[in-house]
Amino acid sequence: QVQLVESGGGLVQAVGSLRLSCAMSGRTFSNYAMGWFRQAPGKEREFVAAISKSGGSAYYADAVKGRFTISRDNAKSTVYLKMNSLKPEDTGIYYCVARWTIPAQVMDSSRYDHWGQGTQVTVSS
């Protein structure tokens, strides 16, 4: 019933930037913690970032800390992922996720209830 639609992916040169967006419909956005996972070709899905319902708490994978910023605009029912200083290893399909609360195991993909369809990010060297 919760619908998540990602946008903003594309092809970018290394050290460039992109901003991903994810819009929620079907439920009240402010009731959900939100996050991002990614999946590189031939690999399992990997945690990227998560943010609490109010936006007061954020969590990042070590691989993206200092380069990526997760934020949300509850008035627009949208979560964002600003990606700076992109590297080829950032390439993959990026998925927006939602859950009633941030899980205790924040990096465990199985603990997130709702997933978007994904948007492709490709970083060339």
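Our subject is the structure listed above.
Conventions used here
Residues numbered from 1 in each chain as written. Predicted model: local features only at pLDDT ≥ 70, side-chain atom pairs only at ≥ 80, totals over all residues. Heavy atoms only, no water. Buried < 20%, exposed > 50% of the residue type's maximum accessible area, 1.4 Å probe, protein only. Helix = DSSP H or I, 4+ residues; strand = E, 2+ residues; numbered from the N terminus. Phe/Tyr/Trp six-rings, centres within 6.5 Å; stacked < 30°, edge-to-face > 60°. Lys NZ or Arg CZ within 6 Å of the ring centre and 35° of its normal. Pairing = 2+ DSSP bridges. Axes fitted to C-alpha atoms, helices over the stretch in contact; angles between N-to-C directions.

Student: Quick rundown of unusual backbone geometry? Include the residues and the values.
Tutor: Although it is not a glycine, Val15 adopts a positive phi angle of roughly 75 degrees. Among the residues examined, Val15 registers a relative accessible area of 67% and is labelled exposed. The backbone of Ser77 sits at a positive phi, close to 55 degrees, despite the residue not being glycine. Within the fold, Ser77 resides in the loop between strand 7 (68-73) and strand 8 (78-83).

Student: Quick one: what's the story with the packing of aromatic side chains, residue by residue and with numbers?
Tutor: A full pass over the atoms with the stated rule returns five aromatic pairs. With a centroid separation of 6.1 Å and an interplanar angle of 70 degrees, the aromatic rings of Tyr95 and Trp115 are classed as edge-to-face. With a gap of 20 residues between them, Tyr95 in strand 9 (residues 92-99) and Trp115 in strand 10 (residues 114-115) connect regions that are remote in the sequence. The rings of Phe37, Phe47, Tyr95, Tyr112 and Trp115 are connected pair by pair, giving a single aromatic cluster. The residue whose ring lies beneath Arg45 is Tyr95, and the NZ or CZ to ring-centre distance is 3.9 Å.

Student: Give a detailed account of the sheet that holds strand 8, specifying residues and quantitative values.
Tutor: The four strands are arranged 1-3-8-7 in an open sheet whose pairing can be described as antiparallel. Each end of this open sheet is capped by a strand with a single partner; those strands are strand 1 (3-7) and strand 7. Neighbouring strand axes in the sheet, compared pairwise and without regard to direction, differ in orientation by 15 degrees on average. Across six bridges, the pairing between strand 7 and strand 8 is antiparallel. Its bridge partner being in strand 8, Ser71 is matched across the sheet by Tyr80.

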